[in-house]
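Residue-level structural notes
Each chain, written out:
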Amino acid sequence: GHYWYAANLGAHGLEKGVLASLSNASNMKKYVDKAVEIDPAFPSSYMYLGFAYQAKGQFVEGIQYHEKGISIFPHSYWIADLGRAYAEAGRQADAVRIFGELTELSKRVYVSPLSFAILHQGLGDVENWRRMMQASFEERSGLLPYLKCASWHDPIRSDPFFQELVKKVGLP
């Protein structure tokens with residue numbers, strides 16, 4: 001139950017935007033810590049805490065939690081978000097390294113275009129972000145319903161392509 005309570009706090013923050021996340025990260029941490037105590041090998045606990053710290057602009061802490069979660073289960077979305085966190089923290093060389101790792105991973109296993117879109121957004125590459133988001137829409141990515149609440153879209157929400165994509169997905 002602790003993991004899900006923490007995840008729901010995180011989801012609340014995502015639904016209400018970054019400002020709500022600011023007030024919930026500390027509260028969420030105690031529940032994630034309890035979830036980690038119960039099952040330290042459950043990567044989502046670390047990832048959600050990483051998202052919360054990242055949304056607060058506390059990149060050092062967010063990156064540490066992302067790295068821990070990825071060390072347990074290296075999912076492409078999470079790898080991409082780590083790269084985005086590196087870029088937002090000013091660690092461009094690390095973000096580019098992650099882009100290379102994601103590209104290499106895509107030669108062995110499927111990597112959603114949304115993973116690349118997340119990383120392109122962090123790197124400020126708007127044209128490739130648009131291209132990968134369009135590909136994500138065409139393949140009906142399962143994360144598109146989170147367009148309006150996922151914090152990784154915050155810097156690009158005013159982009160006309162983003163606004164149109166929200167409408168195409170059918171979000172209010």
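Bear in mind that the values here come from a model prediction, so they are computed numbers and not experimental data.

Scoring rules and cut-offs
- Residues numbered from 1 in each chain as written.
- Predicted model: local features only at pLDDT ≥ 70, side-chain atom pairs only at ≥ 80, totals over all residues.
- Heavy atoms only, no water.
- Axes fitted to C-alpha atoms, helices over the stretch in contact; angles between N-to-C directions.
- Helix = DSSP H or I, 4+ residues; strand = E, 2+ residues; numbered from the N terminus.
- Parallel < 35°, antiparallel > 145°, perpendicular 65-115°, else oblique.
- Contact = heavy atoms within 4.5 Å.
- Nonpolar A, V, L, I, M, F, W, Y, C, P; charged D, E, K, R; others polar.
- Buried < 20%, exposed > 50% of the residue type's maximum accessible area, 1.4 Å probe, protein only.
- Polar contact = N/O pair within 3.5 Å; in protein donor to acceptor, adjacent residues only side chain to side chain.
- Salt bridge = Lys/Arg side-chain N within 4 Å of Asp/Glu carboxyl O.
- Core = buried A, V, L, I, M, F, W, Y, C linked by side-chain atoms within 4.5 Å.
- pLDDT = per-residue confidence, 0-100.
- Phe/Tyr/Trp six-rings, centres within 6.5 Å; stacked < 30°, edge-to-face > 60°.
- Lys NZ or Arg CZ within 6 Å of the ring centre and 35° of its normal.

1. A few points about the packing of helix 5 (residues 76-88) against helix 7 (residues 113-123)
Viewed as axis vectors pointing N to C, helix 5 and helix 7 meet at an angle of 5°, and their least axial separation amounts to 8 Å. In terms of their interaxial angle, helix 5 and helix 7 are classed as roughly parallel. Of the residues in helix 7, those in contact with Ser76, Tyr77, Ala80, Asp81, Gly83, Arg84, Ala87 and Glu88 of helix 5 are Leu114, Ser115, Ile118, Leu119, Gln121, Gly122 and Leu123. Residue composition of the contact of helix 5 with helix 7, grouped by class: 7 nonpolar, 5 polar and 3 charged.

2. Side note on the side chain of Asp159
Take Asp159: it is sitting in the loop between helix 8 (126-138) and helix 9 (160-169). Take Asp159: its relative accessible area is 10%, and that puts it in the buried class. A polar contact is formed between the side chain of Asp159 and the side chain of Arg130, at a distance of 2.4 Å. Excluding residues that lie within four positions of it along the chain, Asp159 makes contacts with Val126, Trp129 and Arg130.

3. Notes on the pattern of salt bridges
When their charged atoms lie close together, side chains carrying opposite charge are able to pair. Applying the stated criterion to the full structure yields 9 salt bridges. Taking the shortest distance from any N to any O, the salt bridge between Glu101 and Arg97 comes out at 2.7 Å. Of this pair, Glu101 and Arg97 are both found in helix 6 (residues 92-106), 4 residues apart, which corresponds to roughly one turn of the helix. Taking the relative accessible area as the measure of exposure, Arg97 reaches 37% and is therefore partly exposed.

4. Quick word on the nonpolar core
If you look at the biggest cluster of nonpolar residues, it comprises 32 residues, and the most contacted ones within it are Leu102, Met133 and Leu147. For this core, the elements supplying multiple residues, two or more each, are helix 3 (43-55), helix 4 (59-72), helix 5, helix 6, helix 7, helix 8 and helix 9. By residue number, the principal contributor to this core is helix 5, which donates 7 residues. Filtering out sequence-adjacent residues up to four positions away, Leu147 remains in contact with Met133, His153, Arg157, Phe162, Leu165, Val166, Val169 and Leu171. The next biggest cluster of nonpolar side chains, apart from the first, holds 8 residues, and it includes Met28, Val36, Tyr46 and Tyr53.

5. Some details on the confidence of the model for the protein
Averaged over all residues, the pLDDT of the protein is 84; the fraction at 70 or higher stands at 84%. When pLDDT is averaged over each element of the protein, helix 6 comes out on top at 96 and helix 1 (residues 2-16) at the bottom at 49. pLDDT under 50 marks residues 1-5. Its contacts with residues more than four places away, or in other chains, come to 11 contacts. Counting interchain partners and residues more than four positions distant, the pLDDT-below-50 stretch residues 18-23 has 12 contacts.

6. Some points on the packing of aromatic side chains
A ring pair, where both rings are aromatic, is described by two values, the distance of the centres and the angle of the planes. Evaluation of the coordinates by the stated rule reveals 5 aromatic pairs. Taking 5.7 Å as the distance between ring centres and 70° as the angle between the ring planes, the aromatic pair formed by Phe99 and Phe116 counts as edge-to-face. Remark: Phe116 occurs in helix 7 and Phe99 occurs in helix 6; sequence separation between them is 17 residues. Exposure remark for Phe99: the relative accessible area of 26% places this residue in the partly exposed category. Judged by its relative accessible area of 11%, Phe116 falls in the buried class. The lysine or arginine in question, Lys68, covers the ring of Tyr46, its NZ or CZ lying 5.7 Å from the ring centre. The ring of Phe137 carries Lys168 above its face, with NZ or CZ at 5.2 Å from the centroid.

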